[in-house]
Amino acid sequence: MLIFGFFLGGIAAALATGVYDMIAQFGYPGPGDGPVGQLAYFFGVVGPVEEGAKFAVAWAVLFRSRWFDEPIDGLVYAAAVAIGFASLENALYAPHVNWPSQLARATTTPLTHSVFSALWGFGSGRALLVEKRPIRRALWLALPLAAAAAAHGAYDAAVVTLAKPWVASLLVLAVWAFVIDYARRVVKQRAD
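Since we're looking at a predicted model, the values are computed, not measured.

What am I meant to see in helix H2 (residues 35-60) here?
Quick reminder: α-helices carry 3.6 residues per turn. Residues three or four places apart thus point the same way. Taking 1.5 Å of rise per residue, 26 residues should cover 38 Å, and H2 covers 36 Å from first to last C-alpha, within 8% of that figure. Within H2, the axis deviates most sharply at phenylalanine 42, by approximately 35°.

Please explain the packing of helix H4 (residues 99-129) against helix H5 (residues 134-161) as it appears in this structure.
Any two packed helices are characterised by how steeply their axes cross, that is the angle between the axes, and by the distance between the axes. Taken N-terminus to C-terminus, the directions of H4 and H5 make an angle of 165°; their axes are 7 Å apart at the nearest point. By the angle between their directions, the pair H4 and H5 is classed as roughly antiparallel. Once H4 is placed against H5, the crossing between them reads as right-handed. In this structure, H4 contributes Thr108, Thr112, His113, Phe116, Leu119, Trp120, Gly123, Ser124, Arg126, Ala127 and Leu128 to the contact, and H5 contributes Arg136, Arg137, Trp140, Leu141, Pro144, Leu145, Ala147, Ala148, Ala151, His152 and Tyr155.

What is the right way to look at the packing of aromatic side chains in this model?
Working definition: an aromatic ring pair is given by the centre-to-centre distance plus the angle between the planes. One pass over the structure, following the stated rule, counts 12 aromatic pairs. Considering the side-chain rings of phenylalanine 63 and phenylalanine 68, the 4.7 Å spacing of their centres and the 35° angle between planes classify their relative orientation as tilted. Comparing phenylalanine 63 with phenylalanine 68, the two get one shared label, buried. One Lys or Arg, lysine 54, reaches over the ring of phenylalanine 85 and ends 5.3 Å from the middle of that ring. For arginine 105, the ring lying beneath its charged end belongs to tyrosine 93, and the centroid distance is 4.0 Å.

What is the right way to look at the pattern of salt bridges in this model?
Pairs may arise between side chains of opposite charge once their charged atoms sit close together. For the structure on display, the rule yields 5 salt bridges. Between arginine 105 and glutamate 89 there is a salt bridge, and its shortest N-O distance comes to 3.2 Å. Here the residue arginine 105 occupies a position in helix H4, and glutamate 89 occupies one in helix H3 (residues 73-93), the gap between them amounting to 16 residues. Taking the relative accessible area as the measure of exposure, glutamate 89 reaches 10% and is therefore buried. Its salt-bridge partner being glutamate 131, residue arginine 136 comes within 2.9 Å of it at the nearest N-O pair. Judged by its relative accessible area of 34%, arginine 136 falls in the partly exposed class. Residues joined by salt bridges that share partners form a network here, namely Arg126, Glu131 and Arg136.

Sorry, what's going on with a nonpolar patch on the surface here?
Taken together, the side chains of Leu111, Trp166, Leu170, Leu173, Trp176 and Ile180 present a nonpolar region at the surface, about 600 Å² in accessible area. The element contributing the most residues to the nonpolar patch is helix H6 (residues 165-191), with 5 residues. Along the chain, leucine 170 falls in helix H6.

Analysis parameters
Residues numbered from 1 in each chain as written. Predicted model: local features only at pLDDT ≥ 70, side-chain atom pairs only at ≥ 80, totals over all residues. Heavy atoms only, no water. Helix = DSSP H or I, 4+ residues; strand = E, 2+ residues; numbered from the N terminus. Expected span 1.5 Å × (residues − 1). Bend = angle between axes of the 7 residues up to and from the residue. Axes fitted to C-alpha atoms, helices over the stretch in contact; angles between N-to-C directions. Parallel < 35°, antiparallel > 145°, perpendicular 65-115°, else oblique. Left-handed = near helix turned anticlockwise from the far one by under 90°. Contact = heavy atoms within 4.5 Å. Phe/Tyr/Trp six-rings, centres within 6.5 Å; stacked < 30°, edge-to-face > 60°. Buried < 20%, exposed > 50% of the residue type's maximum accessible area, 1.4 Å probe, protein only. Lys NZ or Arg CZ within 6 Å of the ring centre and 35° of its normal. Salt bridge = Lys/Arg side-chain N within 4 Å of Asp/Glu carboxyl O. Patch = residues over 30% accessible without salt bridge, like charges linked within 9 Å, V, L, I, M, F, W, Y side chains within 5 Å. Areas by Shrake-Rupley, 256 points an atom, 1.4 Å probe, with all protein chains shown as cover.

Below, the structure written as C-alpha cells:
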C-alpha cells in the first residue's frame, strides 16, 4: 500500500498541475511580482491545491482500504502520497531550473511535503478510526487539512516572498517537532 500511495502521490501532482492550468485559464496565471499577490497565491492557491490534491487521492483510495486500521496509518499513508507528489513535482520542475536548484528541491521537497501532509494524515486517522460524533469527525478532517494548507502556503511565502529560507526551515522544524510528538502520543495511546 505504501508503494501504491507513492504512485497515487504522482497522480495528485498531475491533478494539482491540471488545477493550476485551469486557474490560469480563468485569468489567474500565478503569484505575480508583488508581495500581496504572492501571499494571496501561496495561501489561497498553492497550499489548498497541493494539500487538497494529496488528501483527495489518499481519501479516495488509501483511507478506504482494509489496511487503514490504526490512527497512525493516516500519517504513514499521507507521507507516502506526499513523497510521490514531491517526486513528480521535482521531475516537472527539473527542466526549468539549474542543477543547484534541482539538487535543493530533490533534498527538501519530499520532507516538506511529508511534514505538511502529516497534519491531515493524523486528522484523518483520528476522524475515521477514533471519533464517533459526526461533527467532531468533520472537524478532525477539515481543520488539519486547513492547517496543512496554511503551513504549505507559509513555507512558500517564506522562500519566495520573504526570500528567507531559514524562516521556511524553522517552520518545517516546528511542524516536524509537532508531528514527532503527536506520533508518539498516538502510538502510546494505542498501546495502552
